[in-house]
Amino acid sequence: MQQSYRKLVATLVHIIYKVEKPWRELKTELEQYLSEEQEETEWKQLNTLTCLSSLIRDGLLDTLEHRLNVIFLLFSQVKVETKLTAPMLVLLELLETRPPEEQLILVWLLKNKEKRADLCSKSAKEIVELLKRETKAINEEHFQNDKSQLLELFKNWKAQQKPTELATISGIVPDPVTNLTGSPQPSSNDNEESFLENLEDVFIHDFDPVFVRPAPPLLPLGNDELLLIDPETIHEVVWDKTLCEKLPEVEVLKDLINKASKGPLQPEQQQTLISLIENPRVLHRCGLTPAKLPDLVENNPVVAIEILLKFVSSNKISEYFSALVNMDMSLHSMEVVNRLTTAVELPPEFIQMYISNCIHSCENIRDKYTQNRLVRLVCVFLQSLIKNKIVNVQDLFIEVQAFCIEFSRIREAASLFRLLKNLE
Amino acid sequence: MSQESDDTEAQRLAKEAFESFRNNELDKAIDIIRKLEPSDPLRSKLNNSICLYYKSRCKDPIKLLSTIAALNGKEESVETIPQCSELAPWFSESPPFEFAYAVFNEAVIAYQLHFWKRTCVLLETLYSHIGAFDDSLVFRVWLLLFDVYLRLGCSDKAAIVFGFLERTFPSVSDPEENKDGNLEVWGSPDNIMKSLFSAYPSFLFHRDKEDLQLLISYYRARLYLNLRSYKLFKKEIKSLLSNCEASGKSLVPSMLLKIRYELQRGNTRKALRLASNIPEEELEAYPSMKCILLNNVGCLHIKLGRQNLAISYLSLAQQQLSSVIYDDSKDEKQVRSVPHLSLDYSDIIAYNMGLSLLVLGEYERAAQAFWKCAETFMTSARLWIRLAECCVGFDAQMECEKESKQVNDLVEKVVGKGSKRRIVIHSPCTKNRESLEEDSKNGVRHPKLSLQYGAECARTALYLLDKKPSRPNATSLSTNDEDTHSEPVAFSASATAAATSETSNQTTMEQPKDEEHSVEQGKRQGSNSGNKSSDHESMFDIRQEADKNSEVFNEETTTPATSSTTATSGKPTGSKVVTGGASNNHEDEDVLIRESALSLLCYCCLSTCPEEALETAKELMRMSHVSPEILFLAHLYGVEALCSLGRPDEALEMLSPQILEIIEKCSKKNVSLGDVHTHPWSHSGAEMSTKTTSPAVSTSSPWSSNSYSTRLSPESNVPSVTDSSPNHHLHGVSLPNYPSSVSKGGIISRGAIGITGTAAFYVNLSSVCVLKNKLGEAAAAITRALSLMPRSSAALLMSTYIKLREGDVEGAKDILKCHRVTSGFQSLQT
């Protein structure tokens, strides 16, 4: 126990032990003590409340006079009786738990102004005598009503509190030393000094319901959470071997690609171009972007096929494919796709998308002559794909069947329809 | 005509310069380059700085990086180059034919400095135009990209580039293949590199044809192992070992792969035997291999539950690493060379060390280790889970230390004399936690391992999980099980790319999750914390960094390079179909990580923010697949949160029916598991490994005992078999638990709620009944708890509490006295 707190307890016990002094004087004495050092007033008030409530709550006071003094000192800390301040709440709690005579004093102090004034002029000893005389007041309706009102107030306050707060009880259990027969030894010394010596310490210790909170288990060791290391090769900074390297073929090829995108090439130009693209380093620098591909396909399908076949192992091929799929349908584009399907394995999604594109193009053409021509082409193209098992019929069955029915007047469409039926 | 002859002369000189460079005649090479400056100023500049770089024995890359930056059209300081993630305009707009070597060299240095994402971006740009480059560069780009992909955990992408190599260089990839033979890969001063890496297995480093073939074979074996294609791996490693043996090359790299293979197959002891069979002299000859072996053996010991031994090996690995990377001969510790930094595995070793320390209950040291590698693995949810576990474990340990003062004693102290004697009951009430908070303010408690920090870590893990893009259709993947989990090497966001066919066929790719949504969610989670400490600010930075990381990788979907990573089935290596792990494993792991993160978050929030704890508990309960023990904990946590929020009615509702079903379900599961695993990696014993008074009942209180906590000691090298609770197994990995008795609440084992959990349930049920003023039911519940664990301090305290509430002071005193065995015993005798 800290020295200052010890001093506070001693002072309070000293006041409590003045059983023959009127309560008014006790109040003055306490107030004097509390206001002795201005800066410590708040601390003193708080600890006075702790100490007083602990003394009475833990059953440390044997005589009624002392207990009554504590009740009064607690009451003296109540500034406004209607406000539920901490001392008020302590008193209300006592009203619930203490014996009837103490309850009577509590009710008088809290509810009866006349009685309160009368009590303040009396000492604890006199009040005990008074209580002996007025024990029947306990059974009076007036007292019971006042008590109920106070308890109601306390009940209302409790209703607003969390159950966890309300469940808190004192964690201090009185355990007086017992004699051989098992009954508590009577307090040999009833004086202030021996009381303080036996008391040792006064404090509040709460005891709450226990919640067990087991910690979650460790996350299992992941599949590859243990980090094993594999040796790697040493990567080093390297000399730029393209120093002073000239690739004149690149310029020639770029020129030819530009020409090929604008119009048909002469056979010898075409031959030069095809020989130049044999060198992958030159090919990749030819400047043919996917955006330029449709023009090349329209003007020089053979060149387009050769270039695409060279690009097929490159990472860029998908971009060229999507450019091909999205260009307008034409004989040349179909020729390119057809050659590609026979030369390499194309992604099925690409072929399906191309076929759908062709069918839509046929449906949207207004000019009957051109439409018939294109439908024939598409039908022949489809038959070739189906016969060569490049396309899975099931994937396109409904769409192609509808196409055949729509253009059933055209001989090639009818034969495609028959082919579909046979395969079905 | 004169122009043509000038060109020819320039080309002759260029060739001469290269020969001089290769022969380590750097001054001569520099002289020649000067002459070539008028005809090719930019490349001359680059080669000149390359010569200077080698002249500094690869110690000073600044000049080289400045030159590259200048070529790149940037005038930025060298320090910022590796960090810059965006490419200069010429890079993205037109193919990088002209400065491919500059790009490659920057990628090499970025890789050596561990800026793998930067390396990856640079290399993928080159790879998308790979056909335009000479074979030597193509091979080097391939080799580096493969390594970077594996470091980033993208085995599927590595498989794609490997397929490309096999198509491009059949002569190198297959020794049987004899057509178009010569791949000339020389490009650096051989002597300098050889002297720098004299102690490195030659086939991993030399560039002649025989070594290249062995190197490719080794890389193929690595790929198969990462893809978990074990049959192919076995075949490959067998041929590699025999080829190495026949040509007198070191077997260590191949043996290291074999060790990993055995570990992955669950043959940890066999792996350990293999490791011990590696001749000591070979290891002494190759210090870097020794470091790798020590780390890998450390991992084997972790798997075997020998954490102390693992820590010893990992510490040795760390020491060995320092001697490999740093030049000790000088007074000041200096890095040997920039390429040596690529051998710096300290982050990996630190993570493994962190795992071991965590299992040992050395939470502060574990957290230190995780922090050390956090920069590397910061986008891995697992890292954050582990850190959160450190915080939770540390909190539980602190509680335990506090409680250890009154082991087996319900009485805190006795005050007063004679008729004024009083018993002060030890009260584990939440209010008393305030003292701990005060301790933390006074610096007693490690502020960084607070529950608030733990909650932040758990939130970050959840955020990263939410950000993780959904995986492409599992059926279309026949790749690996590795990409996100093999190494928690972050960058999990990058793991979305699917495999491709050998012809690089194309389909559309599933897009990652909506970025904005995840970011918002992350921010929401961040704001939930309500904590303004700098730790948490930095945590938010990490989230932002994670955003950036995933943005970089999401960008991949638009770059030409990764557009090839999008096709049908993965047949990366010719006709050899690679069979891969199931995506179900990923889902299982993701669920486990999520439930773990949520349970940790819930635990941490119970003390700080019960509202969030309740929400988290409810989220756990809503999860469709959640482990019963976690579901059980979610109920317990939810109940406690509801009670502290003043809602005991709902708490009672939550506690009653479901939880008994969960306990029952879990006990059935335990019966079906059947066996007790003798070598869990949590050797320190799992849930309350206690003596029992009866076969079914633990005697030592899980909530008060700390007598089983394990510390580093030689004896504990031997795995304990005292763990009576069956450990849950996942993917053949036995699951860890916190060291026993570190939590006042004990630990729920994986796969086992057990007596401890059931007793905890009854204690909490009793408390809820008390809050509802149902003292009779509370007493009945506590009787059940005591019948399961008669010496559980929590149950005894609760029993005392009920007696006091019932006014039975003598009964309460009886309980207190019967369990009072320590110093105050005498004074309590009547």
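Further up the page is the structure itself.
Nothing here was measured: the structure is a model prediction, and the numbers come from that model.

### Structural notes on the environment of Ser 44 of chain B
Right, so step 1: Mapping Ser 44 of chain B onto the fold places it in helix 3 (residues 41–55).
Right, so step 2: Take Ser 44 of chain B: its relative accessible area is 0%, and that puts it in the buried class.

### Here we look at the sheet that holds strand 4 (residues 422–425) of chain B
Right, so step 1: Strands sit in the order 2(A)-4(B)-3(B) across an open sheet of 3 strands; the sheet is antiparallel. Whereas interior strands pair on both sides, the edge strands pair on one side only; in this sheet they are strand 2 (172–174) of chain A together with strand 3 (411–415) of chain B. In this sheet, neighbouring strand axes are inclined to one another by 25° on average, regardless of whether the strands run parallel or antiparallel.
Right, so step 2: Bridge count between strand 3 of chain B and strand 4 of chain B: 4 bridges; the pairing is antiparallel. Among the inter-strand pairings, Lys 413 of chain B is bridged to a residue of strand 4 of chain B, identified as Val 424 of chain B.

### Brief notes about helix 16 (residues 301–311) of chain A
Right, so step 1: Every buried residue of helix 16 of chain A is listed here: Pro 301, Val 303, Ala 304, Ile 305, Ile 307, Leu 308 and Phe 311 of chain A.
Right, so step 2: Tucked inside the fold, the buried residues of helix 16 of chain A contact helix 12 (248–262), helix 13 (267–276), helix 14 (280–283), helix 15 (293–299), helix 17 (317–326) and helix 18 (331–343) of chain A.

### Describing the packing of helix 30 (residues 610–622) of chain B against helix 31 (residues 628–644) of chain B
Residues and elements named next belong to chain B.
Right, so step 1: Relative orientation of the contacting elements helix 30 and helix 31 amounts to 150°, with a least axis distance of 8 Å. Classified by the angle their axes make, helix 30 and helix 31 are roughly antiparallel. With respect to the hand of their crossing, helix 30 and helix 31 are arranged in left-handed fashion. In contact with Pro 610, Ala 613, Leu 614, Ala 617, Leu 620 and Met 621 of helix 30, helix 31 contributes Ile 630, Leu 631, Ala 634, His 635, Gly 638, Ala 641, Leu 642 and Ser 644.

### Looking at the nonpolar core
Right, so step 1: Ranked by size, the top nonpolar core spans 251 residues in total, and within it Tyr 54 and Trp 142 of chain B carry the most contacts.
Right, so step 2: Excluding its chain neighbours within four sequence positions, the residues that come into contact with Tyr 54 of chain B are Glu 236 and Val 237 of chain A together with Phe 21, Leu 26, Ser 188, Pro 189, Ile 192 and Met 193 of chain B.
Right, so step 3: If you look at the next biggest cluster of nonpolar residues, it comprises 63 residues, including Leu 253, Ala 323, Cys 362 and Phe 403 of chain A.

### Thoughts on the interface of chain A and chain B
Right, so step 1: Listed as interface residues are 84 residues of chain A and, on the opposing side, 179 residues of chain B.
Right, so step 2: The junction of chain A with chain B conceals about 11700 Å² of combined surface from both sides, 60% of it contributed by carbon and sulfur atoms.
Right, so step 3: Considering only the surface of chain A that becomes buried against chain B, Arg 213, Leu 218 and Trp 239 of chain A emerge as the three largest contributors, covering 9% of it.
Right, so step 4: Viewed at the interface, chain B and chain A are joined by 14 salt bridges.
Right, so step 5: Across the salt bridge formed by Arg 260 of chain B and Asp 230 of chain A, the nearest N and O atoms sit 2.7 Å from each other.
Right, so step 6: Put simply, chain A and chain B have 46 residue pairs in polar contact (both at pLDDT 80 or more) between them.
Right, so step 7: Contributions of two or more residues to the side of chain A that touches chain B are made by helix 10 (163–166), strand 1 (169–170), strand 2, helix 11 (192–199), strand 3 (206–207), helix 14 and helix 17 of chain A.
Right, so step 8: If one sorts the elements of the side of chain A that touches chain B by residue count, helix 11 of chain A sits on top with 4 residues.
Right, so step 9: Sheet analysis places strand 2 of chain A next to strand 4 of chain B, joined by 3 bridges and oriented antiparallel. Among the inter-strand pairings, Pro 174 of chain A is bridged to a residue of strand 4 of chain B, identified as Arg 422 of chain B.

### Describing helix 36 (residues 793–805) of chain B
All names here are of chain B.
Right, so step 1: Here helix 36 is 13 residues long and its end C-alpha atoms lie 18 Å apart, about the 18 Å a rise of 1.5 Å per residue gives.
Right, so step 2: Of all 13 residues that make up helix 36, 11 are buried, and the element is covered over most of its length.
Right, so step 3: Along helix 36, the residues classified as buried are Ser 793, Ala 794, Ala 795, Leu 796, Leu 797, Met 798, Ser 799, Thr 800, Tyr 801, Ile 802 and Leu 804.
Right, so step 4: Positive backbone phi, at 85°, marks Gly 807, one or two positions downstream of helix 36.

Rules used throughout
- Residues numbered from 1 in each chain as written.
- Chains lettered and ligands numbered in written order.
- Predicted model: local features only at pLDDT ≥ 70, side-chain atom pairs only at ≥ 80, totals over all residues.
- Heavy atoms only, no water.
- Helix = DSSP H or I, 4+ residues; strand = E, 2+ residues; numbered from the N terminus.
- Buried < 20%, exposed > 50% of the residue type's maximum accessible area, 1.4 Å probe, protein only.
- Pairing = 2+ DSSP bridges.
- Axes fitted to C-alpha atoms, helices over the stretch in contact; angles between N-to-C directions.
- Contact = heavy atoms within 4.5 Å.
- Parallel < 35°, antiparallel > 145°, perpendicular 65-115°, else oblique.
- Left-handed = near helix turned anticlockwise from the far one by under 90°.
- Core = buried A, V, L, I, M, F, W, Y, C linked by side-chain atoms within 4.5 Å.
- Buried area = accessible area lost by both parts, 1.4 Å probe.
- Salt bridge = Lys/Arg side-chain N within 4 Å of Asp/Glu carboxyl O.
- Polar contact = N/O pair within 3.5 Å; in protein donor to acceptor, adjacent residues only side chain to side chain.
- Expected span 1.5 Å × (residues − 1).

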